[in-house]
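# Structural features, examined
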Amino acid sequence: MAGGTVLVLLALFSLPTLIILIPGMLPTGVAKLCDRTEQHSATFCVGGLNICGVFPYLMKLWTDNHSIDAATAAITDIFTMLVIYAAAGFGWLMYSVVPPVVSAVLNVLAERRVSVLKTTQVAIVKEWGPEVALMTEPGGQPPLPPNA
Amino acid sequence: MAEQPLEMEKPGADVPSRLIPPAETNERANDDGLLPPTQQQPVIENRDGPIVVRELYQVDADRRLPEFDQPSAKAFFVENRHDISQKLFALACTPGLPVRIDIIKKMVGHYYPGLLTLIEWDVVYWPPLGQSTLVVIYESPLGGRVLTRLSTQETKITEYDVPKKVAEPLLEAIHTIEEEVGPHRAIRADNLYFLDEDLEEIVLGPCVTSPPGFDQPSLYEPVYRAICQPEGRGTGDSRDDIFALAVSIIHLVIGRNPVAKIKEEKVLHNRLENGSYEGICNNIRLPLALIGPLRSMMADDPSIRWTYEDADSWAKGEMVETVKRLPPIKADIPFRFRKREHLTFETLCWHFCQHVEDAARVIQGDEFANWIKRHPSNLGLLQTIRGIIQARNFFEDSHQGSDAFMLTKVAILMDPNSPIQYKGLTFMPDGYGTLLGTIWNKEGGPQESADILNHDIASLWFSGHERVGQKLLDARKNFDQFRSLLSIKDPGYGLERIAYASCPGLPCLSPLIVRHNVLVIEQLLPALEGSAVSADTSSNPIDRHVAGFIAARFDSDTHPHLKAFASPKEDTSTIGMLSLLALLQWKLRSPPMLALSSWVGGLLGPAISAYHNRQTQEHLEREIPKLVRKGSMPELFNLIDDSEKRREDHEGFIAAQTEWLAAEEEIRSIEGADEERVAQGELSGQQAAATISILLSLAVISILFVTGLG
């Protein structure tokens, strides 16, 4: 609803901007359609970098000649579109590469933690003997000591 | 063991103050004012040197003095190292046979008129036996044995000499020691001595080398004690001594054993049938003046037998009413059992109990029923006996259905005064302890004695007595206590405890120390110390006998220690063993026990393992050898059972367990959440990528704005 209103307003008052935005932000739209997650991370990721690609041409339009001809000329320039879509592609690339990297980092951290815990257990067993580890059922009661 | 070092380390000097309350450090556990046994020092078997008692009396095992022999003890020459003119003799007792240690402790060093003075006692290594034994030292009677002097006709005792020369001094002796230490119970003609060389003063000989009445020929015992086993005749009282004195007088006056030519069994039969006086004096002629007093002193019924006062009055020439002869109640027709004819219940009952199976068969027969029915003493007896037989048939599968049980009940019914007779044992209630102690190591063991308690035979016997005096009540109470002790199977209780509690003169029968003949608690640790050299040190120094001995003979409360010792947990049991030994060493102020400490130290593994902390365990393992070298078990105990250390260890262990468990839980949580972690990583990565993208776009837009507007 809000998007529609923005489009109508843009069409009425800033048609050249809309002429650049619609084809320029096409990858973001596709990302929005493909991204079914609650966080819409893909949309934000692609959209953010897509904006980075579109914004220089919008700035040029707004500051030089805000006309339909200038907008059409910009949008039909293959180099312009290459820059815009490359930026959006970089967004897609980031969205594909960063999560596995984060997962790998988390795995390394977990393995490091397990290693530290196992070292602690070995030290405990060395100080108190293997009977300290006899009770392996989590949540159970520790055995009573001999009552001499 | 016989030789002791001249200088001893001050007792208790090495005992840690932590274990000894400050108020008690100057106390000396010697309430009776007597010297403790020299076995406070470790037992060292002196096989070659002289046998020395208390560092003063040198016993010559090669010089026998048979004139002073007792049936259970041989006499040897003794020399007082400080006074060689003192005439003494030593009696070496039979190892393993209970002695009268309670009386020895009271009599030693005390002079009693009419009695040989007991000078000293000790348990010493006796080379001829190859083990330790009790040696008691007596003053030597200068005139020798009375019977010997009479047989050599060096002197003569006539009927006129009896009251003043024999009866009066000996009655005084009987009375005095009864009051102060207990009955003599070894009065017989061959145990009378002339104290002086002039053969004027007659005294009683030793009485401590065997259980009461054990050495007595049956002739000298009142009839119901006479038919008992010698070890079960019981402590008795001065009335039994008066009986024995009367028989001794007869022997002295006629110059021979009055029934020497008659079989013992026949004499006992006659005594049971006709009364002791008639049974013994039937074939001899006694001076008329002695007949009444002797019959009165030999009355079989203790309640009518002359007391000390009666006999003493007679000895002093006063007129005393004599006991009238009551004719025994006899059947008109004899009952024949195993080729012997019986006219009285007493003889038949005694004979029955000697042949249980035959008697059980006869009792159920018509012939016996008819005889009982016609017997003048039958007062509803037959009906009761039939009831007993029916009960036996009803309880066929239990001990109550046995011939022995039935016969015991019948015997108590027919002759309530007879001793307790069950499964071949015949004893008086006050002789149970010595019976149990004496037969423990004999063939068959103590099982029958235990059955007396298990089957509550004593209660049957007591229920057969209408007149219940204080002594019977005490005896009954004792048996009740024995039964409750028997029901506890832990070490320190059971039949062993009963044996040591009921027979104070029974040496410890533990195989570990039996050759040390340990009689009193002070001798126990030194004996264990002596055994430590040769014993299997992987075994426990406290077995059931040692535990029972300690529980019965040690005054302190040993219950908590015994409870710990009996624990099925090895570490608790080990600590219980150590605490018991430490308590003994501390309370008795025993000197260092190096070998025993080493033995015990080698067994402390489970107690050390009770600590969880490995550093604590290593510390204990380092410290134990140091304390072992000091021979101090209290210090060992304090090291092992430090409550603060134990608490810290326990708390530390619990904390370590909790920490270990928390780590384990975290590890499991991490290792069990791989997929989740991957999903989480994906999500986080996506969010990170989106954030980076947004931030990048904001940065680019800002830069373009700034540069574009500029």
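Basis of the calculations
- Residues numbered from 1 in each chain as written.
- Chains lettered and ligands numbered in written order.
- Predicted model: local features only at pLDDT ≥ 70, side-chain atom pairs only at ≥ 80, totals over all residues.
- Heavy atoms only, no water.
- Helix = DSSP H or I, 4+ residues; strand = E, 2+ residues; numbered from the N terminus.
- Buried < 20%, exposed > 50% of the residue type's maximum accessible area, 1.4 Å probe, protein only.
- Contact = heavy atoms within 4.5 Å.
- Areas by Shrake-Rupley, 256 points an atom, 1.4 Å probe, with all protein chains shown as cover.
- Patch = residues over 30% accessible without salt bridge, like charges linked within 9 Å, V, L, I, M, F, W, Y side chains within 5 Å.
- Salt bridge = Lys/Arg side-chain N within 4 Å of Asp/Glu carboxyl O.
- Axes fitted to C-alpha atoms, helices over the stretch in contact; angles between N-to-C directions.
- Parallel < 35°, antiparallel > 145°, perpendicular 65-115°, else oblique.
- Left-handed = near helix turned anticlockwise from the far one by under 90°.
- Nonpolar A, V, L, I, M, F, W, Y, C, P; charged D, E, K, R; others polar.
- Polar contact = N/O pair within 3.5 Å; in protein donor to acceptor, adjacent residues only side chain to side chain.
- Domains from an automatic or database assignment.
- Buried area = accessible area lost by both parts, 1.4 Å probe.
- Pairing = 2+ DSSP bridges.
- Core = buried A, V, L, I, M, F, W, Y, C linked by side-chain atoms within 4.5 Å.
- Expected span 1.5 Å × (residues − 1).
- Bend = angle between axes of the 7 residues up to and from the residue.
- Phe/Tyr/Trp six-rings, centres within 6.5 Å; stacked < 30°, edge-to-face > 60°.
- Lys NZ or Arg CZ within 6 Å of the ring centre and 35° of its normal.

## Some words on the overall build of chain A
When you go through chain A residue by residue, the secondary structure sums to six helices and zero strands. Across chain A, helices and strands are ordered from the amino to the carboxyl terminus as α-α-α-α-α-α. Burial analysis of chain A (148 residues in total) assigns 38% to the buried set. In chain A, the proportion of contacts linking residues at least 24 apart, taken out of those at least 6 apart, comes to 65%. Element-wise, carbon and sulfur atoms account for 71% of the exposed surface of chain A, whose accessible area totals about 8,600 Å².

## Some details on a nonpolar patch on the surface
A contiguous nonpolar patch, built from Phe-90, Leu-93, Val-97, Val-101, Val-105 and Leu-109 of chain A together with Leu-696 of chain B and spanning about 610 Å² of accessible area, is present on the exposed surface. Turning to its location among the elements, Leu-109 of chain A is positioned in helix α6 (residues 78-128).

## Quick look at the packing of helix α4 (residues 41-63) of chain A against α6 of chain A
Residues and elements named next belong to chain A. Between α4 and α6, the shortest axis-to-axis distance is 8 Å and the interhelical angle comes to 155°. Classified by the interaxial angle, the pair formed by α4 and α6 is roughly antiparallel. Handedness of the α4/α6 crossing: right-handed. For the pair formed by α4 and α6, the contact residues are Ser-41, Ala-42, Cys-45, Val-46, Leu-49, Asn-50, Gly-53, Val-54 and Tyr-57 on the first element and Phe-79, Thr-80, Val-83, Ile-84, Ala-87, Ala-88, Phe-90, Gly-91, Trp-92, Met-94 and Tyr-95 on the second. Of the residues assigned to the contact of α4 with α6, the class counts are 15 nonpolar, five polar and no charged.

## What about the interface of chain A and chain B?
When the parts come together, some accessible area is lost, and that loss is often what is quoted as the size of the interface. Of the residues lining the interface, 49 residues belong to chain A; the matching set on chain B comes to 50 residues. At the junction of chain A and chain B, the tally comes to three salt bridges. Connecting chain A to chain B are 15 residue pairs in polar contact (both at pLDDT 80 or more). Elements that contribute at least two residues to the side of chain A that touches chain B include exactly α4 and α6 of chain A. Of all the elements, α6 of chain A adds the most residues to the side of chain A that touches chain B, at 21 residues. In terms of residue class, the side of chain A that touches chain B is built from 32 nonpolar, eleven polar and six charged.

## Details of the domain arrangement of chain B
Residue and element names in this part refer to chain B. In terms of domains, chain B is made up of domain 1 (22-139), domain 2 (144-315), domain 3 (341-497) and domain 4 (516-645). In this structure, domain 2 and domain 3 have C-alpha centres spaced 29 Å apart. Buried surface at the junction of domain 2 and domain 3, summed over both partners, amounts to about 1,900 Å²; 57% is from carbon and sulfur atoms. Three residues stand out in domain 2 for area buried against domain 3, namely Tyr-224, Gln-229 and Glu-231, and they jointly supply 32% of the buried area on that side. Taken together, the connections running from domain 2 to domain 3 amount to three salt bridges. A salt bridge links Lys-442 to Glu-231, with the nearest nitrogen and oxygen atoms 3.5 Å apart. Taken together, domain 2 and domain 3 are joined by nine residue pairs in polar contact (both at pLDDT 80 or more).

## Here we look at the sheet that holds strand β9 (residues 202-204) of chain B
Adjacent strands of a sheet form backbone hydrogen bonds with each other and so pair up, either parallel or antiparallel. Residue and element names in this part refer to chain B. Here three strands make up an open sheet; going across it, the order is β7-β8-β9 and the pairing antiparallel. The two strands at the open ends of the sheet, each matched to only one other strand, are β7 (144-145) and β9. Where β7 and strand β8 (residues 192-194) come together, two bridges link them in antiparallel fashion. Each residue of the ladder has a partner; that of Arg-145, found in β8, is Tyr-193. Relative to β9, helix α3 (residues 162-180) is tilted by about 35°, and along the sheet it contacts β8 and β9.

## Considering the pairing of strand β3 (residues 73-80) of chain B
All names here are of chain B. Judged from the five bridges that link them, strand β2 (residues 57-64) and β3 form a sheet pairing that is antiparallel. Among the inter-strand pairings, Gln-58 is bridged to a residue of β3, identified as Glu-79. As paired strands, β3 and strand β4 (residues 83-93) are joined by seven bridges and run antiparallel to one another. Bridged to Lys-74 within β4 is Ala-92. The turn linking β3 back onto β4 is made up of two residues.

## Describing the pattern of salt bridges
All names here are of chain B. Scanning all chains against the criterion turns up 32 salt bridges over all chains. For Asp-240, the salt bridge goes to Arg-225, with nearest N and O atoms at 3.2 Å. Here Asp-240, found in helix α5 (residues 238-254), pairs with Arg-225, found in helix α4 (residues 223-226); they are 15 residues apart in sequence, far enough to count as distant. We note that Asp-240, like Arg-225, is buried.

## Some thoughts on the sheet that holds β2 of chain B
Residue and element names in this part refer to chain B. Pairing is antiparallel in the open sheet, where six strands are placed in the order β1-β2-β3-β4-β6-β5. Each edge of the sheet is formed by a strand with only one pairing partner; in this case those strands are β1 (51-53) and β5 (118-126). Neighbouring strand axes in the sheet, compared pairwise and without regard to direction, differ in orientation by 35° on average. One ladder, built from three bridges, connects β1 with β2; its direction is antiparallel. Across the sheet, residue Ile-51 finds its bridge partner in β2, namely Val-59.

## Things to note about helix α2 (residues 15-24) of chain A
Because an α-helix packs 3.6 residues into every turn, residues spaced three or four apart end up facing the same way. Residues of α2 of chain A that are buried include every one of Pro-16, Thr-17, Leu-18, Ile-20, Leu-21 and Gly-24 of chain A, and no others. Summarising the contacts, the buried residues of α2 of chain A are in contact with α1 (2-13), α3 (26-34), α4, α5 (68-75) and α6 of chain A.

## Structural notes on the pairing of β4 of chain B
Inspection of the sheet shows β4 of chain B paired to strand β6 (residues 131-139) of chain B by five bridges, in the antiparallel sense. Across the sheet, the residue bridging to Ala-92 of chain B is Val-135 of chain B, located in β6 of chain B.

## A look at the side chain of Gln-617 of chain B
By secondary structure assignment, the location of Gln-617 of chain B is in helix α26 (residues 614-630). Note on Gln-617 of chain B: relative accessible area 11%, which makes it buried.

## Regarding the nonpolar core
Soluble globular proteins tend to pack their nonpolar side chains together in the buried interior. Residues and elements named next belong to chain B. Membership of the largest hydrophobic core comes to 81 residues, with the highest contact counts inside it found for Tyr-432, Leu-524 and Met-633. When residues of this core are assigned to domains, at least three fall in each of domain 3 (341-497) and domain 4 (516-645). Excluding anything up to four places from it in sequence, Met-633 contacts Leu-525, Leu-578, Leu-581, Ala-582, Gln-585, Met-593, Leu-596, Ser-597 and Val-600. Membership of the second largest hydrophobic core comes to 78 residues, among which are Ala-75, Leu-170, Tyr-193 and Ala-246.

## What to know about the side chain of Arg-225 of chain B
Of the residues examined, Arg-225 of chain B reaches a relative accessible area of 12% and is grouped as buried. A polar side-chain atom of Arg-225 of chain B sits 3.2 Å from a polar atom in the side chain of Asp-430 of chain B.

## Here we look at the packing of helix α24 (residues 594-601) of chain B against α26 of chain B
Helices that pack against each other are described as a pair by the angle of their axes relative to one another and the distance between those axes. Residues and elements named next belong to chain B. Close contact between α24 and α26 brings their axes to 7 Å; oriented N to C, the two are set at 155°. As the angle between them shows, α24 and α26 are arranged roughly antiparallel. Residue-level contacts link Leu-594, Ser-597, Ser-598 and Gly-601 of α24 to Ile-624, Val-628, Arg-629 and Lys-630 of α26. A per-class count over the contact of α24 with α26 returns three nonpolar, three polar and two charged.

## Considering α3 of chain B
Residue and element names in this part refer to chain B. The first and last C-alpha atoms of α3 sit 25 Å apart over 19 residues, in line with the 27 Å expected at 1.5 Å per residue. Of all the bends found along α3, the most pronounced is centred on Glu-168 and spans about 25°, while Pro-169, a proline, follows it within four residues. Among the residues of α3, Val-162, Pro-163, Lys-165, Val-166, Ala-167, Leu-170, Leu-171, Ala-173, Ile-174, Thr-176 and Ile-177 are the ones counted as buried. In the segment just after α3, Gly-182 is the residue with positive phi, at about 130°.

## Points about the packing of aromatic side chains
Going through the model one piece at a time under the given rule, you end up with 23 aromatic pairs over all chains. Measuring from ring centre to ring centre gives 6.2 Å for Trp-92 of chain A and Tyr-95 of chain A, while their planes differ by 85°; the resulting arrangement is edge-to-face. Of the two residues, Trp-92 of chain A and Tyr-95 of chain A are both situated in helix α6; the distance of three residues between them amounts to about one turn of the helix. The exposure class of Tyr-95 of chain A is buried, given its relative accessible area of 15%. One Lys or Arg, Arg-54 of chain B, reaches over the ring of Trp-121 of chain B and ends 5.1 Å from the middle of that ring.

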